[in-house]
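Residue-level listing of the chains:
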Amino acid sequence: MDGWVTQLRKGLVEYCVLNVLRSGENYGFEIVVRLQSLDVIAVTESTVYPVLTRLKKDGYLKVRTVPSTSGPPRRYFALTRTGERRVAEMDDYWDLLDEAVRNLRNNTGERT
Amino acid sequence: MTQTTSVDPRVRDYLAAVRRRLRGLEADETLAVLESHIHEAVEARRAAGEQGDLVGAVLADMASPEEYGYLEQPRDSARLSVLGLMAVCLVPLALPVVWHALLLTPLGEGSELPAFFESPVYRFLLLPIGVIAPLVAMLLGSTALHEIAASNGRVEGATLARIGLLGPQLIVANVILLVAYFNTAPSVAWPMLLGGLVVLIGLNACAFRIVLRSRPTG
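Residues numbered from 1 in each chain as written. Chains lettered and ligands numbered in written order. Predicted model: local features only at pLDDT ≥ 70, side-chain atom pairs only at ≥ 80, totals over all residues. Heavy atoms only, no water.

Draft legend 1. Summary view of the sheet that holds strand E2 (residues 61-66) of chain A. Residues and elements named next belong to chain A. With antiparallel pairing, three strands are arranged side by side in an open sheet as E1-E3-E2. What marks the edges here is a single partner per strand, and that holds for strand E1 (26-27) and E2. Sheet topology places E2 next to strand E3 (residues 74-79); six bridges connect them, and they run antiparallel. Note that in E3 the partner of lysine 62 across the bridge is alanine 78. (Pairing = 2+ DSSP bridges. Helix = DSSP H or I, 4+ residues; strand = E, 2+ residues; numbered from the N terminus.)

Draft legend 2. Up close: empty space enclosed by the protein. Under the defined criterion, the tally for this structure stands at two cavities of 30 Å³ or more. Considering only enclosed or pocket space, the second largest cavity measures out at about 30 Å³ in volume. Taken together, A:Tyr27, A:Gly28, A:Phe29, A:Arg75, A:Phe77, B:Val33, B:Ser36, B:His37 and B:Glu40 make up the lining of the second largest cavity. Those elements that place two or more of their residues in the lining of the second largest cavity are helix H2 (28-36) and E3 of chain A together with helix H2 (24-47) of chain B. Top element by residues in the lining of the second largest cavity is H2(B). It accounts for four residues. Partitioning the lining of the second largest cavity into residue classes produces four nonpolar, three polar and two charged. (1 Å grid on protein atoms, 1.4 Å probe; cavity = no way out; pocket = protein on both sides within 12 Å on 5 of 7 lines; lining within 4 Å. Points joined across faces, edges and corners; volume = space filled by probe spheres on them. Nonpolar A, V, L, I, M, F, W, Y, C, P; charged D, E, K, R; others polar.)

Draft legend 3. Examining the confidence of the model for chain B more closely. All names here are of chain B. Per-residue confidence for chain B gives a mean pLDDT of 79, with 81% of residues at or over 70. No element of chain B has a lower mean pLDDT than helix H8 (residues 190-214), which averages 71, and none a higher one than helix H3 (residues 54-61), which averages 92. In the model, residues 214-218 has pLDDT below 50 throughout and makes five contacts with residues more than four positions away in sequence or in other chains. Scored as a whole, the predicted complex attains pTM 0.53, and scored at its interfaces, ipTM 0.80. (pLDDT = per-residue confidence, 0-100. Contact = heavy atoms within 4.5 Å.)

Draft legend 4. Just the layout of surface pockets, in detail. Residue and element names in this part refer to chain A. Considering only enclosed or pocket space, the largest pocket measures out at about 430 Å³ in volume. Lining the largest pocket are 13 residues, and of these Leu8, Leu12, Trp94, Leu97 and Asp98 lie nearest its centre. Residue assignment for the lining of the largest pocket shows that the elements contributing at least two residues are helix H1 (2-20) and helix H4 (81-106). In terms of residue count, H4 provides more of the lining of the largest pocket than any other element does, nine residues in total. Class assignment of the residues belonging to the lining of the largest pocket gives a composition of eight nonpolar, one polar and four charged.

Draft legend 5. View of the pattern of salt bridges. Residues and elements named next belong to chain A. One pass over the full model with this rule turns up 15 salt bridges over all chains. The salt bridge involving arginine 54 is made with glutamate 14; its shortest N-O contact spans 3.4 Å. With arginine 54 in helix H3 (residues 45-57) and glutamate 14 in helix H1, this pair connects stretches of sequence that are 40 residues apart. You can call arginine 54 partly exposed: its relative accessible area is 22%. (Salt bridge = Lys/Arg side-chain N within 4 Å of Asp/Glu carboxyl O. Buried < 20%, exposed > 50% of the residue type's maximum accessible area, 1.4 Å probe, protein only.)

Draft legend 6. Highlighting the packing of aromatic side chains. Counted by the stated rule, this structure contains six aromatic pairs over all chains. An aromatic cluster is built from B:Phe116, B:Phe117 and B:Tyr122, whose rings are joined through pairwise contacts. Against the face of A:Tyr76 rests A:Arg64, its NZ or CZ located 5.0 Å from the ring centre. (Phe/Tyr/Trp six-rings, centres within 6.5 Å; stacked < 30°, edge-to-face > 60°. Lys NZ or Arg CZ within 6 Å of the ring centre and 35° of its normal.)

Draft legend 7. Inspection of the packing of H2(A) against H3(A) at higher detail. Residues and elements named next belong to chain A. As a packed pair, H2 and H3 sit with axes 10 Å apart at the nearest point and diverge in direction by 130°. Taken together, the axes of H2 and H3 lie oblique to each other. Relative to H3, H2 is oriented so that their crossing is right-handed. In this structure, H2 contributes Gly28, Phe29, Ile31, Val32, Leu35 and Gln36 to the contact, and H3 contributes Glu45, Val48, Tyr49 and Leu52. A class-by-class count of the residues in the contact of H2 with H3 yields seven nonpolar, two polar and one charged. (Axes fitted to C-alpha atoms, helices over the stretch in contact; angles between N-to-C directions. Parallel < 35°, antiparallel > 145°, perpendicular 65-115°, else oblique. Left-handed = near helix turned anticlockwise from the far one by under 90°.)

Draft legend 8. Spatial organisation of the pairing of E3(A). All names here are of chain A. Within E3, five of the six residues are buried, leaving the element largely enclosed by the surrounding structure. The pairing of E1 with E3 spans two bridges and is classified as antiparallel. Following the sheet pairing, tyrosine 27 is matched in E3 by tyrosine 76.

What follows is the structure, given as structure tokens:
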């Protein structure tokens, strides 16, 4: 069960990160805190930050750096247009997946 | 003035350990955000009224450095598949035997059998090796592909493994074409020969590409 849950969570991290940023730009620490408030997702910094970096590299996120007088600069992440399209596509696929699994669980045998 | 977390040796050690798990420019970007995270976490605890070793408390709560990079294995730790390398090295050993075999068939009619094929070196050494080598190369190539697929990025060299797997078949096909060509048109001007060679190389590349795309590699 643990192995399956781990694999499932691995696939969800990107979708969850993009969803956090739907409501507007946010900085790394706050993104992690928001995701960690959802125990069932069980993310850590080791999963979120590499995903943030990769999403930026792939063009789904943009970064705005704000200098700080008391520590390292704060990096604010926000969705790009490509990122907005990406999360919309993920929404569509998620809905399809949800419906398909529900059908399987209800044993209706309907093709989706 | 608040001491910045970046001067704390424990933070530097933590970031250094995480860097070893990541790669390239992405590592720099990730580490910059991570350093900021540590600082924000310390400030959040301070704002909540916590006292004492805040940096230690934050680091204790964070993921260990070993947990980083499991989504993307660090490439500099990947090794080349030894099986794939061996497969590629075995493929050329089949060439003399395949040529000899084709010269003995109707395709080789009219071609003079080189004296080399009568020599003891060929008959007792290269011939048995040349018969076994392609079979072993195909076996090693297939095993190497499975090894690479199962390694989750720790082993690389899929191209070498595929050459080992497909090489013997391609050699046979090419030698058949060449023997048939030279037997039907023995005297050929060099531009035509060059053109024919280019076409042959192109056909090989296409065949390789078509076969590779149809084979699952895990």
